[in-house]
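Each chain is listed here by its residues.
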Amino acid sequence: QVQLKETGGGLVQAGGSLRLSCVASGSVYSRYRMAWFRQTPGNERELVAVLRRPTGSTTYAASVKGRFTISTDNDFKTCYLQMNDLKPEDAAVYYCAASSGGSGPFDYWGQGTQVTVSS
């Protein structure tokens, strides 16, 4: 069983930066992919960034590319999302997710952390 816990959310002014962290428990083999999603009220959860353990390859949503960076520590236990040049439209609840597979739905989710961006 994998548990994910996010920290690092908060209030920031537009143009500012935040770094989200997600600490994972359980076997590393349950974390083939780790990702960050975000969701605003009334909208579907949106994939922000994903990182694949075997290759280290990353994929970003077009809206955050060049501003956000996903990374992990060496043992793939902690996943980070560095968010720079934040915009009011980046405000959302951010969720960490993990998957034991290379594609398809994510198996494990954190409880979410709120990011608020003031203009």
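All figures in this text were calculated on a predicted structure; none of them were measured in a lab.

What counts and how
Residues numbered from 1 in each chain as written. Predicted model: local features only at pLDDT ≥ 70, side-chain atom pairs only at ≥ 80, totals over all residues. Heavy atoms only, no water. Pairing = 2+ DSSP bridges. Helix = DSSP H or I, 4+ residues; strand = E, 2+ residues; numbered from the N terminus. Axes fitted to C-alpha atoms, helices over the stretch in contact; angles between N-to-C directions. Disulfide = S-S within 2.5 Å. Buried < 20%, exposed > 50% of the residue type's maximum accessible area, 1.4 Å probe, protein only. Core = buried A, V, L, I, M, F, W, Y, C linked by side-chain atoms within 4.5 Å. Contact = heavy atoms within 4.5 Å. Phe/Tyr/Trp six-rings, centres within 6.5 Å; stacked < 30°, edge-to-face > 60°. Polar contact = N/O pair within 3.5 Å; in protein donor to acceptor, adjacent residues only side chain to side chain. Salt bridge = Lys/Arg side-chain N within 4 Å of Asp/Glu carboxyl O.

### Topic: the sheet that holds strand E8 (residues 78–83)
For step 1, the next point in the chain: Ordered by their spatial adjacency, four strands build an open sheet running E1-E3-E8-E7, and the pairing between neighbours is antiparallel. With one partner strand each, in any of the chains shown, strand E1 (4–7) and strand E7 (68–72) form the two edges of the open sheet. If you compare each strand with its neighbour and ignore which way they point, the axes differ by 15 degrees on average.
For step 2, the next point in the chain: Pairing of E7 with E8 involves five bridges; the strand directions are antiparallel. Considered in E8, the bridge of Ile70 is made with Leu81.

### As for the state of the cysteines
For step 1, the next point in the chain: A full pass over the atoms with the stated rule returns one disulfide.
For step 2, the next point in the chain: Free of any disulfide, Cys79 has its nearest neighbouring cysteine sulfur in Cys96, separated by 5.4 Å.
For step 3, the next point in the chain: Relative accessible area serves as the criterion here: at 0%, Cys79 is assigned to the buried category.

### Description of the nonpolar core
Grouped burial of nonpolar side chains is what soluble globular proteins tend to show.
For step 1, the next point in the chain: In this structure, Leu4, Met34, Trp36, Leu81, Met83 and Tyr94 are the most contacted members of the largest nonpolar core, which totals 28 residues.
For step 2, the next point in the chain: Listed by contribution, the elements that provide at least two residues to this core are strand E3 (18–24), strand E4 (33–39), strand E5 (46–52), E7, E8, strand E9 (92–99) and strand E11 (113–118).
For step 3, the next point in the chain: Membership of the second largest hydrophobic core comes to six residues, among which are Val50, Tyr95, Ala97 and Phe106.

### Some remarks on the environment of Phe37
For step 1, the next point in the chain: Of note, Phe37 is situated in strand E4.
For step 2, the next point in the chain: The exposure class assigned to Phe37 is buried, which follows from its relative accessible area of 11%.
For step 3, the next point in the chain: Separated by 22 residues in the primary sequence, Phe37 and Thr59 have C-alpha atoms spaced 12 Å apart.
For step 4, the next point in the chain: Excluding residues within four positions of it along the chain, Phe37 makes contact with Arg45, Glu46, Leu47, Val48, Val93, Tyr94, Tyr95, Ala97, Phe106 and Trp109.

### Considerations on the packing of aromatic side chains
For step 1, the next point in the chain: Summed over all chains, the structure comprises three aromatic pairs.
For step 2, the next point in the chain: Measuring from centroid to centroid gives 4.8 Å for Phe37 and Trp109, while their planes differ by 55 degrees, and the two rings are tilted. A residue pair is termed long-range when its members are at least 10 positions apart, and Phe37 in strand E4 and Trp109 in strand E10 (residues 108–109) qualify at 72 residues.
For step 3, the next point in the chain: Feature note: the residues Phe37, Phe106 and Trp109 constitute an aromatic cluster, connected by ring pairs.

### Overview of the environment of Asn84
For step 1, the next point in the chain: Position of Asn84 relative to the elements: it lies in the loop between E8 and E9.
For step 2, the next point in the chain: Distance in space between the C-alpha atoms of Asn84 and Phe68 is 6.0 Å, their sequence separation being 16 residues.
For step 3, the next point in the chain: A polar contact of 2.9 Å, which involves the side chain of Asn84, links it to the side chain of Gln82.

### Regarding the pattern of salt bridges
For step 1, the next point in the chain: Evaluated as defined, the whole model comprises four salt bridges.
For step 2, the next point in the chain: Put simply, Arg38 and Asp90 hold a salt bridge, and the shortest N to O gap is 2.9 Å. In this pair, Arg38 sits in strand E4 while Asp90 sits in the loop between E8 and E9, placing the two residues 52 residues apart along the sequence.
For step 3, the next point in the chain: The class for Arg38 is buried, based on a relative accessible area of 7%.
For step 4, the next point in the chain: In this structure Asp90 comes out as buried when scored by relative accessible area, which is 1%.
For step 5, the next point in the chain: Among the salt bridges present, the one from Arg67 reaches Asp90, with a minimum N-O distance of 2.7 Å.

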